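Residues per chain, in single letters:
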Amino acid sequence: MAIGGKTIFDTDAHYVETLYDIVDYIDDDDPWKLKFEYGSTANRSVPISFWPSLSRPDGFNYPSIKRRDVDFNTKEGVVQLMEEMSFDKILLLSEQILTFAMLEEDKRQTKFSEAYIRYMLDKIADADEGMYMSIPVPYNDPIKAAELIDDYASEKAIIGACVLTARIEPPMGHRKYDPIYDACQRADLPVLFHGGSATLDNFGWLSGFTTIMETHALGFLFDNMTTIANVVSQGVPEKFPKLDFVFQETGLFWIPMMMYRMDMEYLRMQDEAVLMRKRPSEYMKEFYYGTQPMEIVPDKKYLQYVIEMIGGPDRLMYASDYPHEDFDDPSAINELAFLTEEEKEGILGKNAEEVFGV
Amino acid sequence: MIEVCKVEEVEHGGGKVVKVKGVEVGIFNIDGEFYALLNSCCHQRGPVCTGDIRKRVGGDVPPLGKLPEEYFTEDYVVICPWHGWAYDIKTGKHAGDPDIRIPTYKVVVEEQTVYLDV
């Protein structure tokens, strides 16, 4: 496939699994199977969608749209998408992980995660075909999350551990999550921090908005700004120095703002963050960032400056976010005139191949 | 060498700002050793040497699931009263970023008198 000889690795596509798909992968003798079974009298508390009031019967959430008639909840659909988009490799994220933001601390996350992993490994993920997946991290139960990572990280198709950063309390720098990072570091599995507070209902951070335009613009930022501030300040990169961190679905312009704002605070108050050994911006320049959704700027030089500020093109990984409406085509990178061909090659594929080891 | 003060004018763990050829310089006494820094913060030129002096706080990576224990190191910092930027008194380096540094001066003490070697 590839485009102009460049390998294309989409590092963030949402595989649209449904609970109907995964329920078969909960053991028959597990009472939780009934709770996940739609129509069962025990099915009282497992949400079917992150946007309950706006969800569509085909499993896609508003404002998602289908493109090119690709049915994205079958393996054939993934193959079709990859062919049509010239993707050589794809990293699939669970769509239902978006529900994690509205789940209180109980077993729903862990039960979902394990069933999803089993389903994806059985039916969809296929390293030989370049179809990879991440573990949806059930952060409400860090011990169980670490066990899942221990159990499944050796699967060839599993190349990351994804934390949906919507409304996580406490945020992801908290010591309670140490077992998750420890397991990822032992397994050499990069951690993906994926924003997700995009909905109008259950926005999570603040109520009172009346348009998704507002919550969709703000939610991902709140999620990943909170995460990056807390992870850096609590010294997570110092505690787990071999771990790679990838921030996804938040665009790029927030990164320099957080770098310099955090630097300003750090230079006044670094005695509060005793594990930090350098400026926040220095840590942030060691993280990786998904490119989607690319901000619309009146002059591409602004984007060029942002990429320069955050450590250069080596920090970036192309992401489509298919099938969501704020999807980015590879041309969003390939047509940036200020990038060299080598830099485009890095962003579109090579950087991710290196980080994920595929 | 320029005489700036007497030893007894600056107590251990303390500082004093003097004017040398029109330039304000902070004189500090750490364990009987004297140090001198330009009284001008790298941030916004605040009177850094008039700020609090204390031992720098440190911490090491804790066991999994634990918070780090904070402790006082043996390094003394002076903290700019304007915005809280802290500098190591011996080196002039910012406590959070050693690339930020205020100029230091060589100090000589002879017969209970402190001199700047400028």
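Let us look at the structure shown here. (Residues numbered from 1 in each chain as written. Chains lettered and ligands numbered in written order. Predicted model: local features only at pLDDT ≥ 70, side-chain atom pairs only at ≥ 80, totals over all residues. Heavy atoms only, no water.)

What follows is about the nonpolar core. One recurring pattern in soluble globular proteins is that nonpolar side chains are buried together. Membership of the largest hydrophobic core comes to 127 residues, with the highest contact counts inside it found for Ile90(A), Tyr181(A), Leu252(A) and Tyr289(A). In contact with Ile90(A), not counting residues within four places along its chain, are Phe9(A), Asp10(A), Ala13(A), Phe72(A), Val78(A), Leu81(A), Met82(A), Gly130(A), Met131(A) and Tyr132(A). Membership of the second largest hydrophobic core comes to 13 residues, among which are Val4(B), Cys5(B), Ile27(B) and Phe34(B). (Core = buried A, V, L, I, M, F, W, Y, C linked by side-chain atoms within 4.5 Å. Buried < 20%, exposed > 50% of the residue type's maximum accessible area, 1.4 Å probe, protein only. Contact = heavy atoms within 4.5 Å.)

Taken together, the 23 residues of chain B in the interface contact 17 residues of chain A. Taking both partners together, chain B and chain A bury about 1600 Å²; carbon and sulfur atoms supply 60% of that area. Three residues, Val61(B), Leu64(B) and Gly96(B), lead the burial of chain B against chain A; their summed loss comes to 27% of the area buried on that side. Put simply, chain B and chain A have one salt bridge between them. The partner of Asp97(B) in a salt bridge is Arg279(A), and the shortest N-O contact between them spans 2.5 Å. Ranked by residues supplied to the side of chain B that touches chain A, first place goes to strand β5 (residues 52-59) of chain B with four residues. (Buried area = accessible area lost by both parts, 1.4 Å probe. Salt bridge = Lys/Arg side-chain N within 4 Å of Asp/Glu carboxyl O. Helix = DSSP H or I, 4+ residues; strand = E, 2+ residues; numbered from the N terminus.)

Residue and element names in this part refer to chain A. Relative to each other, helix α5 (residues 142-152) and helix α6 (residues 178-187) sit at 10 degrees, their axes nearing to 8 Å. What the angle tells us is that α5 and α6 run roughly parallel. Contacts from Pro142, Ile143, Ala145, Ala146, Ile149 and Asp150 in α5 reach Pro179, Ile180, Ala183, Cys184, Arg186 and Ala187 in α6. Tallied by class, residues from the contact of α5 with α6 come to ten nonpolar, no polar and two charged. (Axes fitted to C-alpha atoms, helices over the stretch in contact; angles between N-to-C directions. Parallel < 35°, antiparallel > 145°, perpendicular 65-115°, else oblique. Nonpolar A, V, L, I, M, F, W, Y, C, P; charged D, E, K, R; others polar.)

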